[in-house]
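Fold and contact review
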Amino acid sequence: MLRLQSITLENFGPYKGRQEIVFPATDGVVLIYGENMRGKTTLLNAFRYALFGKFIGRGQSQIPIHKIGNWEAGEEGVYGFKVELNFSFGADQYVLTRICSPRRTPPKTDADYDLESFLTKNNSQLSGDQTTHTLSLIMPEDVSRFFLFDGELLQQYEELLRDESSTGQEIKQAIERILGLPVLTNGRLDFSQLQRNAARSEARAATADNRTQLLGAQTETLIAKQEIHRKEVARLIGELGRQKQAKLGLEEDLKQFEKFRALFIERDRLNSDLQKEEVNRTTCLGKLMEAMAEAWKIVLGPHLKERRQDLEELALSIKLAEERRAYAAKVSVDLQSSLDAGKCGTCGHELESTAKNAIRERIATYSVDSKATSRAEELLVVEKHLSALQELEPRTSRDYLFELQEQLDQGRVHTASIHSRISEILEQTRNADESEVRRLQSEHDRVVRDMTLVAEGIKGEQRELDDTTLRLQKVQEDLKKVAGHDLARFRRKREMCQKLHALFSSAVDVYREKLRTDVAVDATDLFLQLTTEPEYRELQINENYGLSIVHQSGQTITIRSAGAEHIVALSLMGALQKNAPLRGPIIMDSPFGRLDSGHTERVVKTLPLMSSQAILLVYESELEPDLARGVLGDALRREYKIVRKSARHSSLERQV
Amino acid sequence: MDKVAIGLTAPNDQFVGQLMESGLFGQEMEAAKLAMSIAIVKKSSLGDVQGAGTKWNVGSFDRDGQLKRLMGVLYPTVDEPYRVMEFLINTGLKIMADACRNASNIDVRRLLALAESARDLSAPRA
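Overview of the structure. The model shown is predicted, which means the values in this text are computed figures rather than measured ones.

1. Details of the overall build of chain A
Counting its secondary structure elements, chain A contains 17 helices and 14 strands. By the burial criterion, 44% of the 656 residues in chain A qualify as buried. Within chain A, contacts between residues separated by at least 24 positions form 72% of all contacts whose residues are at least 6 apart in sequence. In the structure as shown, chain A presents an accessible area of about 34,800 Å², 51% of it carried by carbon and sulfur atoms.

What follows is the structure in structure tokens.
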């Protein structure tokens with residue numbers, strides 16, 4: 001196990017001159033306090049630089065070495081820096097030194113520096129290759145994320161819950177590496193290769209023998225064919241992997257433009273809406289124009305209605321008067337005939353004088369009406385007028401005109417709001433490079449299409465490979481039947497490699513499943529100690545080692561706060577430390593920034609369980625020294641404080 | 001002697017142009033007929049138009065004699081229907097122009113509302 005003993009810095013970042021931290025030999029926690037901008041992250045990077053020769057800034061970007069040296073020292077003419085790490089690994093003592101010295105003064109760029117690194121093992125200096133090899137055994141860089149981390153790195157563990165995430169895939173591979181899975185996967189790969197070699201040897205031997213020459217040739221052909229398909233599958237899988245990476249990269253790039261992309265999509269939709277609105281407006285205006293040809297009749301409508309009623313009444317009264325006149329004339333004629341004949345025109349009785357007098361009175365009465373002037377001509381005129389009014393009935397209505405106007409008005413308002421929104425979008429996207437967004441989107445679409453084709457290609461090649469393998473097995477079976485003793489040796493070797501390959505394959509699956517189970521159990525143990533929420537029951541692990549919080553109701557918590565993310569990530573870290581063959585110190589930079597005091601206290605309390613050597617870089621309000629002392633008790637082995645000397649000069653001072 | 005052509009005063013002719021720009025009318029004659037209707041329902045007193053140029057031949061304006069018959073119904077004592085029609089058109093256009101003078105746009109509601117107003121206007125714009 002790796003145990004840090006001391007680190008010495010010379011003009012590294014704000015640490016001017018020579019400064020040292022000495023770690024106690026016993027298990028426990030070391031606290032290094034420092035306020036913002038004093039150099040906590042630089043100190044974390046000092047460990048990283050010592051081990052891997054890298055300084056990582058925000059956003060996981062690497063900082064140029066030219067910017068690492070102390071500025072004040074530089075102003076005094078002292079350039080470059082040095083980091084020395086003393087540690088033990090097993091029973092061996094190591095000193096790792098990295099020196100960055102100027103090639104010319106004043107140095108301007110990274111090219112103006114010479115970089116040197118030395119590793120001594122038990123006071124004997126190792127060669128360059130030995131140094132690289134030893135360091136890769138003690139602390140491989142690709143698993144460093146589990147030993148050196150900050151809040152930003154912890155936040156990345158959420159990516160494990162997303163299948164498509166490239167960061168998640170990277171972390172998953174790192175997790176499997178620290179858990180030792182490559183031992184088995186490499187073994188599987190080796191036996192696969194050995195099996196193929198053995199099959200080739202067997203085929204060559206069979207070809208050389210007259211009895212099995214034909215089958216041997218067939219076997220060789222099939223092995224060659226199998227190899228072609230295998231290589232093609234591997235090539236296509238590699239291609240698919242590259243395409244996936246390219247797709248994820250493009251998606252990452254597109255994310256930067258996500259807001260603009262949404263705005264461009266909205267703008268295009270709005271422009272399409274504008275076109276539709278224009279079509280609607282033209283249609284509506286056409287209808288309105290057609291209907292407005294009748295508007296004058298609509299306006300006249302009520303006025304003419306009154307006029308028509310007057311005319312209709314007049315026509316009726318004329319008709320009645322005409323009927324009355326005709327009737328009176330007829331009755332007068334009939335009565336005069338009766339009077340002239342002296343007999344009743346109806347029953348034929350003789351008329352007496354009283355009856356004749358009555359008839360004469362009646363005739364006098366009717367003669368008034370019967371002599372009235374005919375109004376037939378007047379009626380004709382009235383009817384002509386009525387007919388003229390009848391023609392003026394509008395073919396449409398006022399309501400229809402209003403409805404069309406309403407539609408036009410609404411369209412106008414909608415169009416104005418669309419124009420307004422488009423203007424807003426144009427303003428918001430003024431500085432956006434639309435052609436770049438379109439290029440990225442088009443590239444992304446192309447990659448997705450290509451991925452589908454490659455995936456189809458893999459399926460096809462895999463089918464061919466399976467088919468060839470089956471045919472090869474059949475030929476190998478036939479060969480077994482006719483082959484003599486000479487070939488048995490090759491066959492046994494092939495069959496043994498085949499079995500060992502199968503064994504390692506199943507071992508990978510079993511071990512991976514065991515690891516996932518163990519990690520889930522240990523992460524849950526740790527999580528339940530860390531969380532202050534009593535209703536959380538466990539952590540559930542997925543294929544990528546992503547951990548989900550499960551509530552006591554059995555439901556998974558889908559939305560997690562940044563604080564919860566940290567707690568889950570720390571639980572995973574602790575579980576990995578516990579299950580990994582490779583162990584070492586954990587060095588955390590400001591890990592409590594997002595945690596409340598309850599969770600902070602619990603994390604501090606469990607630190608000794610997570611690693612035998614824990615080094616915390618914190619600011620005092622993040623972790624009160626008294627609280628830390630109270631919670632950790634004897635497990636708190638040492639305290640340092642980063643003290644400000646000037647804005648560009650910090651000093652490491654031991655407190656306890 | 002009745003008129004053989006219907007004319008508009010210059011301001012009214014200009015206003016007809018505005019009405020056409022509003023996009024509500026397919027032909028100027030339709031706008032003129034609406035103006036005539038508005039003047040009729042306003043019961044405008046009849047008179048003479050001063051300064052009207054020639055705009056439409058009556059044969060084109062009243063192709064089937066429908067308007068002439070309408071004049072006969074509404075103004076039975078009048079023996080020069082097209083002269084009356086010209087007067088009513090110019091009167092109606094002036095009413096419309098006055099109502100639209102300060103309006104931001106000319107629309108159906110505004111024009112038809114004129115027919116519902118009880119105001120009487122007597123003479124067309126010269």
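2. Observations regarding the overall build of chain B
Within chain B one finds 6 helices and 2 strands. Tracing chain B from N to C terminus, the helices and strands come up as β-α-α-β-α-α-α-α. With 126 residues in all, chain B has 51% of them scored as buried. Considering only contacts within chain B whose residues lie at least 6 apart along the sequence, 83% involve residues at least 24 apart. Looking at chain B as shown, the accessible area adds up to about 5,600 Å², and 46% of this sits on carbon and sulfur atoms.

3. Some points on the environment of I567 of chain A
All names here are of chain A. Inspection of the secondary structure puts I567 in helix α15 (residues 562-579). Assessed through its relative accessible area of 2%, I567 is described here as buried. Remark: the alpha-carbon pair of I567 and R594, spanning 27 residues in sequence, is separated by 9.8 Å. Among residues more than four places away in sequence, those in contact with I567 are F527, L530, T531, L595, H599 and V603.

4. Things to note about the nonpolar core
With 95 residues, the main nonpolar core has I32, L43, F87 and F146 of chain A as its most contacted residues. Leaving out residues up to four positions away in the same chain, I32 of chain A has contacts with I21, L43, I615, L616, L617, V618, Y640, I642 and L652 of chain A. Within the second largest apolar cluster, 65 residues are counted, among which are A291, V299 and A388 of chain A together with M96 of chain B.

5. Brief notes about helix α6 (residues 108-116) of chain B
Restricting attention to buried positions, one finds in α6 of chain B the residues V108, L111, L112, L114 and A115 of chain B. All buried residues of α6 of chain B project into a common sector of 135° when viewed along the axis, lining one side. Summarising the contacts, the buried residues of α6 of chain B are in contact with α8 (258-292), α9 (295-341) and α12 (398-428) of chain A together with α1 (10-21), α2 (28-41) and α5 (81-100) of chain B.

6. Observations concerning the interface of chain A and chain B
Chain A puts 26 residues into the contact, and the matching count from chain B is 29 residues. For the pair chain A and chain B, the summed buried area comes to about 2,500 Å², and 68% of that belongs to carbon and sulfur atoms. On the chain A side of the contact with chain B, M292, W296 and V299 of chain A bury the most area, a combined 27% of that side's loss. Counting across the interface, chain A meets chain B through 3 salt bridges. The shortest N-O distance in the salt bridge between E406 of chain A and R109 of chain B comes to 3.0 Å. There are 7 residue pairs in polar contact (both at pLDDT 80 or more) connecting chain A and chain B.

7. A closer look at the pairing of strand β9 (residues 536-541) of chain A
All names here are of chain A. Here β9 pairs with strand β10 (residues 547-551) via 5 bridges, running antiparallel. By the bridge assignment, Y536 is partnered in β10 with H551. The turn joining β9 and β10, which pair antiparallel and follow one another in sequence, is formed by 5 residues; a positive phi near 75° is taken by Y545.

8. Description of a negative patch on the surface
Residues and elements named next belong to chain A. A grouping of E306, D310, E312 and E313 is seen on the molecular surface, where their side chains present a negatively charged patch. Mapping D310 onto the fold places it in helix α9. Residue D310 is classed as partly exposed on the basis of its relative accessible area, which comes to 44%.

9. Quick word on the packing of α9 of chain A against α2 of chain B
Orientation of α9 of chain A relative to α2 of chain B, taken along the N-to-C sense of each, is 15°, at an axis distance of 8 Å. By the angle between their directions, the pair α9 of chain A and α2 of chain B is classed as roughly parallel. Considering the relative orientation of α9 of chain A and α2 of chain B, their crossing is left-handed. In contact with A295, W296, V299, L300 and H303 of chain A of α9 of chain A, α2 of chain B contributes K33, L34, M36, S37, I38, I40 and V41 of chain B. Its residues placed into classes, the contact of α9 of chain A with α2 of chain B shows 9 nonpolar, 2 polar and 1 charged.

10. Some thoughts on unusual backbone geometry
Residues and elements named next belong to chain A. At the junction of T105 and P106, the peptide bond is cis and its omega measures out at -15° in the coordinates. By the secondary structure assignment, P106 is in the loop between β5 (92-102) and β6 (113-121). Notably, N122 is not glycine yet its phi reads approximately 50°, a positive angle. With respect to the helices and strands, the residue N122 is situated in the loop between β6 and β7 (124-125). With a relative accessible area of 37%, N122 lands in the partly exposed category. Positive phi outside glycine occurs at Y545, with the angle close to 75°. Structurally, Y545 can be placed in the loop between β9 and β10.

11. Some points on the pattern of salt bridges
Between side chains of opposite charge, pairing is possible as soon as their charged atoms come close. Taken as a whole and judged by the stated rule, the model has 58 salt bridges over all chains. For K319 of chain A, the salt bridge identified is with E383 of chain A, shortest N-O distance 3.7 Å. Of this pair, K319 of chain A sits in helix α9 while E383 of chain A is found in helix α11 (residues 376-390), placing the two residues 64 residues apart along the sequence. Assessed through its relative accessible area of 33%, E383 of chain A is described here as partly exposed. Here R109 of chain B and D107 of chain B are joined by a salt bridge, their closest N and O atoms 3.6 Å apart. What makes R109 of chain B partly exposed here is its relative accessible area of 30%. With relative accessibility at 10%, the residue D107 of chain B sits in the buried group. Residues joined in a network through salt bridges with shared partners are E406, D409 and R412 of chain A together with D107 and R109 of chain B.

12. Overview of the state of the cysteines
A disulfide bridge is the covalent bond that connects two cysteines by way of their sulfur atoms. Residues and elements named next belong to chain A. Using the criterion set out here, one finds 0 disulfides over all chains in the structure. No disulfide involves C347; its sulfur sits 3.6 Å from that of C344, the nearest cysteine. Note on C347: relative accessible area 49%, which makes it partly exposed.

13. Concerning the packing of aromatic side chains
Within a pair of aromatic rings, the relevant descriptors are the distance that separates the centres and the angle that separates the planes. Residues and elements named next belong to chain A. Under the counting rule described, the total for this entry stands at 10 aromatic pairs over all chains. Between the aromatic rings of Y327 and Y366, the centroid separation amounts to 6.1 Å while the plane-to-plane angle is 80°, which identifies the pairing as edge-to-face. Within this pair, whereas Y327 is found in helix α9, its partner Y366 is found in helix α10 (residues 353-370), the two being separated by 39 residues in sequence. Linked through ring pairs, F12, Y49, F55 and F81 together constitute an aromatic cluster.

Basis of the calculations
Residues numbered from 1 in each chain as written. Chains lettered and ligands numbered in written order. Predicted model: local features only at pLDDT ≥ 70, side-chain atom pairs only at ≥ 80, totals over all residues. Heavy atoms only, no water. Helix = DSSP H or I, 4+ residues; strand = E, 2+ residues; numbered from the N terminus. Buried < 20%, exposed > 50% of the residue type's maximum accessible area, 1.4 Å probe, protein only. Contact = heavy atoms within 4.5 Å. Areas by Shrake-Rupley, 256 points an atom, 1.4 Å probe, with all protein chains shown as cover. Core = buried A, V, L, I, M, F, W, Y, C linked by side-chain atoms within 4.5 Å. Arc of directions from axis to C-beta. Buried area = accessible area lost by both parts, 1.4 Å probe. Salt bridge = Lys/Arg side-chain N within 4 Å of Asp/Glu carboxyl O. Polar contact = N/O pair within 3.5 Å; in protein donor to acceptor, adjacent residues only side chain to side chain. Pairing = 2+ DSSP bridges. Patch = residues over 30% accessible without salt bridge, like charges linked within 9 Å, V, L, I, M, F, W, Y side chains within 5 Å. Lys, Arg positive; Asp, Glu negative; His and termini not counted. Charge placed at Lys NZ, Arg CZ, Asp CG, Glu CD. Axes fitted to C-alpha atoms, helices over the stretch in contact; angles between N-to-C directions. Parallel < 35°, antiparallel > 145°, perpendicular 65-115°, else oblique. Left-handed = near helix turned anticlockwise from the far one by under 90°. Nonpolar A, V, L, I, M, F, W, Y, C, P; charged D, E, K, R; others polar. Disulfide = S-S within 2.5 Å. Phe/Tyr/Trp six-rings, centres within 6.5 Å; stacked < 30°, edge-to-face > 60°.

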